[in-house]
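# Per-entry structural report
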Amino acid sequence: VQLVESGGGLVQPGGSLRLSCAASGFTFRHYGMSWYRQAPGKERELVAGITSDGGSTNYAESVKGRFTISRDNAKNTVYLQMNSLKSEDTAVYYCSQARVYWGQGTQVTVSS
């Protein structure tokens, strides 16, 4: 199993980023996927999750209305669209399959 995140970077408050996670080594369309984040000195936390068919999603309260998780099963990829970014969204973002497999993470920094 391999999960490779991309799309992180430096963005100003109020800006947007779209993260991608390319999956391989398993039957992607059969598994729910999630995005987590970990800020310096804090525990890793769930940001958003999506079911295998994309029909149901869930979000942390802190990102509801700003972030959108989606997936393309034809491309074996899960996305996280992040809008109205705040400084407190600064973290390393990870995608995960069942909290068993993890990507290497992508840094998101929100700063002016």
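Presented here is a report on the structure given in the accompanying data block. (Residues numbered from 1 in each chain as written. Predicted model: local features only at pLDDT ≥ 70, side-chain atom pairs only at ≥ 80, totals over all residues. Heavy atoms only, no water.)

## Let's talk about the nonpolar core
Note the following rule: Think of a nonpolar core as a cluster: buried Ala, Val, Leu, Ile, Met, Phe, Trp, Tyr and Cys residues, connected wherever their side-chain atoms sit within 4.5 Å. When a residue's accessible area, from a 1.4 Å probe over protein chains only, is under 20% of the maximum for its type it is buried; when over 50% it is exposed; and in between it is partly exposed. Secondary structure elements are defined from DSSP: runs of H or I of at least 4 residues count as helices, runs of E of at least 2 residues count as strands, and each element is numbered from the N terminus. Two residues form a contact once any of their heavy atoms are found within 4.5 Å.
By size, the foremost hydrophobic cluster in this structure holds 27 residues, and its most contacted members are W35, V47, F67, V78, L80, M82 and Y93. At four residues, the largest contribution of residues to this core is made by strand β3 (residues 17–24). Excluding residues within four positions of it along the chain, L80 makes contact with L17, R18, L19, W35, V47, A48, F67, T68, I69 and Y93.

## Remarks on the pattern of salt bridges
Where charged atoms from two side chains of opposite charge come close, those side chains can pair. Quick reminder of the rule: Salt bridges are counted wherever a side-chain nitrogen of Lys or Arg sits within 4 Å of a carboxyl oxygen of Asp or Glu.
All told, the structure shown has four salt bridges when counted by the stated rule. Among the salt bridges present, the one from K64 reaches E61, with a minimum N-O distance of 2.7 Å. Residue classification places K64 among the partly exposed positions, given a relative accessible area of 44%. Residue class for E61 comes out exposed when judged on its relative accessible area of 62%. Salt-bridge contacts for D89 lead to R66; the nearest nitrogen and oxygen are separated by 2.7 Å. A residue pair is termed long-range when its members are at least 10 positions apart, and D89 in the loop between β8 (77–82) and β9 (91–97) and R66 in the loop between β6 (57–59) and β7 (67–72) qualify at 23 residues. Summarising the burial analysis for this pair, D89 and R66 share the class buried. Connected via shared salt-bridge partners are R37, E45, R66 and D89.

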